[in-house]
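# Analysis of the macromolecular model
Okay, here's what each chain looks like letter by letter:
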Amino acid sequence: MTKWAPLQAKYAAVADRPILDLFDATRAADFSVRADGMLFDYSKTNIDTETRAALIALTEGSGVAEKRTAMFAGEKINLTEGRAVLHVALRAGDDAVIKVDGRDVMPDVRRIRAACAAFARDVRSGAYAGQGGPITDVVNIGIGGSDLGPAMATLALAPFHDGPRCHFVSNVDGAHIHDTLRGLDPATTLVIVASKTFTTIETMTNADTAKRWMAQKVANPAAQFAAVSTAGDKTAAYGIDPARVFGFEDWVGGRYSMWGPIGLALMIAIGPEAFDQFLAGGRAMDDHFLTAPFSQNMPVMLALTGIWHNQLCGHTTRAVLPYDQRLSRLPAYLQQLEMESNGKRVAIDGSDLETHSGPVVWGEPGTNGQHAFYQLIHQGTRTVPCEFLVARRGHEPDLAHQHLLLVSNCLAQAEALLRGRSLDEARAIMAKKGLTGAELEKQARHRVFPGNRPSTVLAYDQLTPFVLGQIIALYEHRVFVEGVILGLNSFDQWGVELGKELALALQPVLEGTADTDGKDGSTAALVNFLRA
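The paragraphs below set out a description of the structure included in this document. (Residues numbered from 1 in each chain as written. Predicted model: local features only at pLDDT ≥ 70, side-chain atom pairs only at ≥ 80, totals over all residues. Heavy atoms only, no water.)

Let us now look at the pairing of strand E7 (residues 137–141). Remark: a regular strand shows side chains that alternate across the two faces of the sheet. Burial runs high along E7: 5 of the 5 residues are buried. Handedness of the crossover joining E7 and strand E8 (residues 165–169) through helix H6 (residues 148–156) is recorded here as right-handed. (Buried < 20%, exposed > 50% of the residue type's maximum accessible area, 1.4 Å probe, protein only. Helix = DSSP H or I, 4+ residues; strand = E, 2+ residues; numbered from the N terminus. Right-handed = clockwise from strand over helix to strand, strands pointing away.)

With that settled, the discussion passes to the packing of helix H11 (residues 272–291) against helix H12 (residues 298–312). Running from amino to carboxyl end, H11 crosses H12 at an angle of 75 degrees, the nearest separation of the two axes being 7 Å. As summarised for this structure, H11 and H12 are arranged roughly perpendicular, according to the angle between their axes. Two secondary-structure elements touch here, H11 through Met-285, His-288 and Phe-289 and H12 through Met-298, Pro-299 and Val-300. (Axes fitted to C-alpha atoms, helices over the stretch in contact; angles between N-to-C directions. Parallel < 35°, antiparallel > 145°, perpendicular 65-115°, else oblique. Contact = heavy atoms within 4.5 Å.)

Time to look at the pattern of salt bridges. Taken as a whole and assessed by the stated rule, the structure comprises 30 salt bridges. In this structure, Arg-83 and Glu-81 form a salt bridge, with 3.8 Å as the shortest nitrogen-oxygen distance. A residue is classified by how much of its surface remains accessible, and Arg-83, at 29% relative accessible area, is partly exposed. With relative accessibility at 24%, the residue Glu-81 sits in the partly exposed group. Among the salt bridges present, the one from Lys-217 reaches Asp-185, with a minimum N-O distance of 2.9 Å. (Salt bridge = Lys/Arg side-chain N within 4 Å of Asp/Glu carboxyl O.)

Attention shifts here to the environment of Ala-412. Tracing the backbone shows Ala-412 in helix H15 (residues 400–419). Along the backbone, Ala-412 and Arg-68 are 344 residues apart, and their C-alpha atoms lie at a distance of 37 Å.

Keep in mind that these numbers describe shape and distance, not what the molecule does.
Following this line, the structure appears as structure tokens:
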């Protein structure tokens, strides 16, 4: 019998039970978790007291507490790469001591953080300027973890921007950098090249394009470049002053890296003080994750809700639905965080997983999604667990009436997924419209909502740097807990390698300097079409 058997039996017994039947006077309070002003409500799921106890037992039996301690202690839990996993160190407090191989890494973390802050202040004040005057625009060139995190966070914290405008380029498609640079002044633009190795082909291709663009107007383009990289020799060869190169250790994975130098563009946009509040929010969630009992531990219960829906209920997809326009890039960010981390097929020891791994993560902000894919969520044949996020208040007091409408829509969608609409209710609606007989029956059936579809709500006061830090750390730890329970390594990403290798081999074929020998018939035919 596998460790999943008790929960599989539990699901079989409750699969068709109406979630509404679980509600009594205390369910909403009993099936929610609070942490530093944030509320996670998972009462609109089919998890009951017995199921929760079984899920927590699964967590305990999987060694989550032990792995959590090991991660925060700097042990090398990324076994396939022999690395520690210490993004938490990037947001640790001033008194923290975290050792890797017996060496305290925190002095270097603080030194690099201070260097980033000093540079950000210089850019914001004009002490560091372009060759045509103070910096007006910052272009961050990166991809994956060097783009998604800071791009998402910079948009999320728009009300706190009081520095230069920030732009992000990631796609090697020339349209991306062309459209971003169009309208900017090379003489007042700072380019940040974010690549740990300074060899990422998409990033360096875009960096070269930006350098040529800048050279058309300024005498020394490299003087307006900074780098987030550990490859000092390569950045020096590129002409970037070492004082504008900010590195980070190999124990920080790309998709977990925006807390450090990868967040430089965000720091320039909102200022080092607001960035410190972002770090403080992440640190508060770390403290909660480390100390709260599992039943009241927000990352743990968010993870167990995901495990219940994916591995036990068989719902292979998860919709992230922020009712906060400034979090419009959060679903894309969480796609990488979840799917690159836990989209694996083998356990840490190389054996096949006993169950499916991570779900497909997707979403859009509300209320836009209501006019796009909510039709499928409400009346489609597959159940899609939904994760709503919503703030008590927005940043525009004169538009409070619109925020009230936004919140109303969020809560209404969660309620509609739970309650649904029965055939009898639909018949009554059609009867009031004057329909009878077969036409009434046909029209009524189109208006039935199955309901009994699970959702969760993460609610907070207002989207501030502190709260954004809480949210990102919450989801990071959720991925960690799910990965430990599944028995896989959440901190490598070998699945991205094969396509890169094949792309490098195909480039000369497309250029006409190599032939299609060894390629499958489809690839060869496509090459011939596109090359022609």
